[in-house]
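# Analysis of the macromolecular model
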Amino acid sequence: MAKGKVDALLGIVFGDEGKGKVVDCFTPKYDIVARFAGGPNAGHTIIFEGKKFVLRSIPSGIFDEGKLNIIGNGCVIAPDLFMAEAKELEAAGYNLKTRLHISKRAHLILPTHRVLDRAYEVAKGKNKVGTTGKGIGPTYSEKAARTSLRVGDILENFPEKYAALKNRHEQMLKDLHYTDYDIREEERLWLEGVEYMKSFPLTDTEIELHKALKAGKSVLAEGAQGTMLDIDHGTYPFVSSSSTCSGGVCTGLGVAPNAIGEIFGIFKAYSTRVGSGPFPVELFDETGDKIREIGNEYGAVTGRNRRCGWVDLVALKYAIALNGVTQLIMMKSDVLDTFDTIKACVAYKKDGVITEDMPYDTEGYEAVYEELPGWKSDLTHLTSESQFPKAFQDYIDYLEKALETPITIVSVGPDRAQTIERA
Ligand code: IMP
């Protein structure tokens, strides 16, 4: 962490890497924690002092009373879901109103965006993306089409602006022959959420960040989703609609590339994916089921089963290069404690051709593996690297060598305390 710099903490595969826990461990080192992309499609689970919280739009620095938290311009925000999330934190005793600033340039997810999300999925039929249904795609589409509403819009003539956009959406839904929906109750809460949001500082967070960086403050940019869900670099069209990579930190917070310091890439000791789309390392057998069960791999937002497989070095190498990852953080190592052998995907294969580079489209590729011995012991009680079983240390060394990037933090359990920094 350097003064006057923005460090980024990014999920570098398909999301759900456990960013929430790490960012929460990191916050004591930083002055500001900022979200730069995505919205309530994210679900960052944080467990500490026996309590479990799932954050969707609010940065994970919110638990640390002394920190400023920012929802940046690159985010999309649903006022009703934001209100529910914020009120739960307030009820648990956290003071949000002065410590959470929302960019006036962030875009609003309307209830009708969520209906459009569902309608588009239905229209796609068997090619559906398997979205979280939170209206992410329709909102970012309208941002690009320059027809969307921003947080700053709620401060002036909002009822008229809202009615105009809602009418437009209703027409779009009619055109899609998707008319069987009722948003009345949702809309009531949404409008209540809009009023509630006005009690927060709605600011030019970009300028706040410029001033903070100039004054030598340190910023942690908290990623959402993962590199393989990036709108440009992910497994398009089975992606989310925002820039989840380190480039997105600049556009999503309004900070310059030369303000970026460390880039922490976070991954799990194995792979998961939620929703549709190609996933060459997916295991359809009992090993996959076992990883899901031990790792509790069920979606934090939708509760869906996550698809599971071994660690994917093709995806990780690609993500490290795209993001400029300087340090790796490996999560959920303990999930593999009971396996006799551990596999790592080192290449993809299709029609007899083997590649170590991420293909344009991974559909139809199968994984080529190398096999390593399992460590067959409980990692959850370990507190330092010197206690690592040899086979686990070998697994880390193997990954570091293949990925040419140091793994500086290893997580061995869900609690904050089960996080081991390596020398
Ligand atoms: P959307 O972001 O709701 O449009 O969903 C697009 C794709 O991204 C779907 O496959 C989702 O399952 C996936 N996705 C979105 N957010 C997350 C996340 O936070 N973790 C993992 N997958 C996500």
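Since the structure is predicted, the reported quantities are computational estimates derived from the model, not experimental observations.

### Overview of the site of the ligand
D16, N41, T132, S240 and R304 are the nearest of the 16 residues found near the ligand. G130 is positioned with one of its backbone polar atoms (N or O) 3.4 Å from an oxygen atom of the ligand. At 3.2 Å from a nitrogen atom of the ligand is found a side-chain nitrogen or oxygen belonging to Q225. Relative to its unbound accessible surface of 470 Å², the ligand loses 96% to contact with the protein. Its residues assigned to classes, the shell around the ligand comprises seven nonpolar, seven polar and two charged.

### Some words on the sheet that holds strand 5 (residues 68-71)
If you walk across this open sheet you meet the ten strands as 9-7-5-2-10-1-11-14-18-19, and the pairing is mixed. At either end of the open sheet lies a strand with only one pairing partner, and these are strand 9 (202-203) and strand 19 (419-421). Both strand 7 (residues 100-103) and strand 9 contribute to a ladder of two bridges, which runs parallel. Within strand 9, the position partnered with S103 by the bridge is T203. Helix-sheet contacts for helix 1 (residues 19-26) involve strand 1 (6-11), strand 2 (32-35), strand 10 (219-222), strand 11 (260-268), strand 14 (327-331), strand 18 (407-411) and strand 19, and the interaxial angle to strand 1 is about 155 degrees.

### Here's the deal with helix 2 (residues 79-91)
For helix 2, built from 13 residues, the straight-helix expectation of 18 Å at 1.5 Å per residue is met to within 8% by its first-to-last C-alpha distance of 18 Å. Here helix 2 has its buried residues at P79, D80, F82, M83, E85, A86 and L89. Taken from the residues just after helix 2, G93 is the one with a positive phi, measuring 100 degrees.

### Some words on the packing of aromatic side chains
Here the structure, examined in full by the defined rule, presents 16 aromatic pairs. Measuring from centroid to centroid gives 6.0 Å for F158 and W190, while their planes differ by 25 degrees, and the two rings are stacked. Here W190 lies in helix 6 (residues 184-197) and F158 lies in helix 5 (residues 158-175), a separation of 32 residues in the sequence. Across this residue pair, the class does not change: F158 and W190 are buried. Seen in terms of ring centroids, W310 and F339 are 5.6 Å apart; in terms of plane orientation they differ by 75 degrees. Their pairing is edge-to-face.

### Examining the packing of helix 3 (residues 111-124) against helix 4 (residues 136-145)
Here helix 3 crosses helix 4 at 110 degrees, and the two axes come no closer than 7 Å. By the angle between their axes, helix 3 is roughly perpendicular relative to helix 4. Residues H113, L116, D117 and Y120 of helix 3 touch helix 4, and the partners they reach there are I136, P138, T139 and E142. When the residues that make up the contact of helix 3 with helix 4 are grouped by side-chain class, the tally is four nonpolar, two polar and two charged.

### Some thoughts on unusual backbone geometry
A cis amide bond links Y236 to the next residue, P237, at an omega of 5 degrees. Summarising the element assignment, P237 is placed in the loop between strand 10 and helix 8 (246-253). Even without a glycine there, the phi angle at D16 is positive, about 60 degrees. Mapped onto the elements of the fold, D16 is located in the loop between strand 1 and helix 1.

### Quick word on the pattern of salt bridges
Evaluated as defined, the whole model comprises 26 salt bridges. Note that D80 is salt-bridged to R114, the shortest N-O span being 2.5 Å. Separated by 34 residues along the polypeptide, D80 in helix 2 and R114 in helix 3 bring together distant segments of the chain. Taking relative accessible area as the criterion, D80 reaches 9% and is therefore assigned buried. Each of D16, K268, E297, R306 and K332 takes part in a single network of salt bridges with overlapping partners.

### Some remarks on the packing of helix 3 against helix 5
Their axes nearest at 9 Å, the elements helix 3 and helix 5 cross at an angle of 15 degrees. Here helix 3 lies roughly parallel to helix 5, going by the angle between them. Note that helix 3 runs across helix 5; the crossing there is left-handed. On the side of helix 3, the interface is formed by P111, T112, H113, V115, L116, A119 and Y120, while helix 5 contributes Y162, K166, H169, M172 and L173. Here the contact of helix 3 with helix 5 is composed, by residue class, of eight nonpolar, three polar and one charged.

Rules used in this analysis
- Residues numbered from 1 in each chain as written.
- Predicted model: local features only at pLDDT ≥ 70, side-chain atom pairs only at ≥ 80, totals over all residues.
- Heavy atoms only, no water.
- Near = heavy atom within 4 Å.
- Polar contact = N/O pair within 3.5 Å; in protein donor to acceptor, adjacent residues only side chain to side chain.
- Areas by Shrake-Rupley, 256 points an atom, 1.4 Å probe, with all protein chains shown as cover.
- Nonpolar A, V, L, I, M, F, W, Y, C, P; charged D, E, K, R; others polar.
- Pairing = 2+ DSSP bridges.
- Helix = DSSP H or I, 4+ residues; strand = E, 2+ residues; numbered from the N terminus.
- Contact = heavy atoms within 4.5 Å.
- Axes fitted to C-alpha atoms, helices over the stretch in contact; angles between N-to-C directions.
- Expected span 1.5 Å × (residues − 1).
- Buried < 20%, exposed > 50% of the residue type's maximum accessible area, 1.4 Å probe, protein only.
- Phe/Tyr/Trp six-rings, centres within 6.5 Å; stacked < 30°, edge-to-face > 60°.
- Parallel < 35°, antiparallel > 145°, perpendicular 65-115°, else oblique.
- Salt bridge = Lys/Arg side-chain N within 4 Å of Asp/Glu carboxyl O.
- Left-handed = near helix turned anticlockwise from the far one by under 90°.

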